[in-house]
Amino acid sequence: MRLSAELQDAIQRETEKVDRPRLARATAQLSEHYKAADFSTPAVASEVHRAAYLAVRLPATYAAISRVFAEIKLRVPEAEIASLLDLGAGPGTALFAASEVFPQLQQATLVESDAGWLAQGKRLAERSKSPVVQKAQWIKQDLRSGLSCEKHDLVVISYTLGELPQAAAEAVLNKAWRCAGKFLVLIEPGTRRGFAAINAARSALLANAAAILAPCPHHFTCPMAAAGDWCHFSQRVERTSQHRQLKGGALGYEDEKFSYLVAAKNNSPSTGARIVRHPGKHSGHVKLALCTAKGQIENRTITRSSKDAYKRARKAEWGDAWSDGCGSDMVAWPHRP
Ligand SMILES: C[S@@+](CC[C@H](N)C(=O)[O-])C[C@H]1O[C@@H](n2cnc3c(N)ncnc32)[C@H](O)[C@@H]1O
């Protein structure tokens, strides 16, 4: 997937305000900060670091967010998402993604503690042609202080929960769930640490009567966590030439690894199973690692003799929903952002 030309252009205008060597240094510092996962100090603390985030992180977080939103649309096509609340909004990444995936979106509220990000996000939003992006309400507030919010159809906390101390993360999660009218989306880096934050939130939400829409096809204990593994997925995103220059490497794309959870206020039909590894596509058979409705990891081999299933398995990707059933809605995810 790639960013819209409009968003790419807005990012370009912001990043070209900073000279290239400073931007490259800030990009390297940002990578180091995220690798060390030390959030006792903010990763993005200056205008130059914000520009570096726009250039090299926003495309990846945008891609992961868009994919998760697309999963909601796929699973519950009738769900009308008219309002969005983004907690820890940064430059408004989730707003840009939501305005593309949910055309019915009419109102958006973005909460962010950093004044620099608020100013930056508003500048990007001003350049958008989307009315909902232009008229979004930006609120400067620390999520750890009393967050009072009205109900929004969709509440998002992307790449933020894991940066909060545990007690604060729990409190923010509870508030976010109370503010969610239909869905709460949590996204974290696809690392052991990111997944641990998602899995802890999953347990807390299940205790609060949430229905898990995705990725889990069950409400049991996560079998991957039980096996010392971590559940994560991957979204490919095109790199711009600026991105390639700043991060080095010749590839025209990067794969953003992410962990996520979509909690719903109402139950939806089960996905059947979720493909939790890259499918092994061999001559005459496809090997699938599935997280099943029983809350277990199962390795399945789909051979050419199972005509319909084999056809679907050849097209299936890591992260898709899967069903062995024929003609049911529980098939490999046909839509990719
Ligand atoms: C890694 S950025 C993610 C930005 C955006 N959600 C995205 O997905 O691209 C984390 C954001 O959370 C914000 N943040 C961290 N702690 C916060 C807090 N206690 N209150 C409000 N915002 C916070 C940071 O300022 C930063 O903008």
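Everything below is about the structure printed above this text.
Predicted model only: the values in this text are computed from it and were never measured.

Our focus in this paragraph is helix α1 (residues 5–15). By the burial criterion, the buried members of α1 are Leu7, Ala10, Ile11, Glu14 and Thr15. Looking straight down α1, one finds its buried side chains confined to an arc of 130°; they lie on one side. Those residues of α1 hidden inside the fold are in contact with α2 (20–36), α3 (47–75), α4 (93–101), α5 (115–126) and α10 (241–247).

Here we take up the packing of α1 against α3. Running from N to C, α1 and α3 cross one another at 160°; their axes reach a closest spacing of 8 Å. The pairing of α1 with α3 is recorded here as roughly antiparallel in orientation. Where α1 crosses over α3, the handedness of that crossing is right-handed. Along its contact with α1, which presents Leu7, Ile11, Glu14 and Thr15, the element α3 presents Ala51, Leu54, Ala55, Leu58 and Tyr62. Taken together, the residues that form the contact of α1 with α3 break down as seven nonpolar, one polar and one charged.

To continue, consider the pattern of salt bridges. Summed over the entire model, instances satisfying the criterion amount to 19 salt bridges. For arginine 144, the salt bridge goes to aspartate 142, with nearest N and O atoms at 2.8 Å. We classify arginine 144 as exposed; its relative accessible area is 52%. The closest approach of N and O atoms between arginine 300 and glutamate 298, which form a salt bridge, is 3.1 Å. By sharing partners, the salt bridges in this structure join Glu14, Lys17, Glu47, Arg50, Asp114, Arg123 and Arg127 into a single network.

We now examine the side chain of histidine 152. As for its position among the elements, histidine 152 is in strand β4 (residues 152–158). What makes histidine 152 buried here is its relative accessible area of 5%. A polar side-chain atom of histidine 152 sits 3.4 Å from a polar atom in the side chain of glutamine 107. In terms of polar contacts, histidine 152 uses its side chain to reach the side chain of threonine 109, at 2.9 Å.

Rules behind the numbers
Residues numbered from 1 in each chain as written. Predicted model: local features only at pLDDT ≥ 70, side-chain atom pairs only at ≥ 80, totals over all residues. Heavy atoms only, no water. Buried < 20%, exposed > 50% of the residue type's maximum accessible area, 1.4 Å probe, protein only. Helix = DSSP H or I, 4+ residues; strand = E, 2+ residues; numbered from the N terminus. Arc of directions from axis to C-beta. Contact = heavy atoms within 4.5 Å. Axes fitted to C-alpha atoms, helices over the stretch in contact; angles between N-to-C directions. Parallel < 35°, antiparallel > 145°, perpendicular 65-115°, else oblique. Left-handed = near helix turned anticlockwise from the far one by under 90°. Nonpolar A, V, L, I, M, F, W, Y, C, P; charged D, E, K, R; others polar. Salt bridge = Lys/Arg side-chain N within 4 Å of Asp/Glu carboxyl O. Polar contact = N/O pair within 3.5 Å; in protein donor to acceptor, adjacent residues only side chain to side chain.

By themselves, these observations are geometric and do not establish any function.
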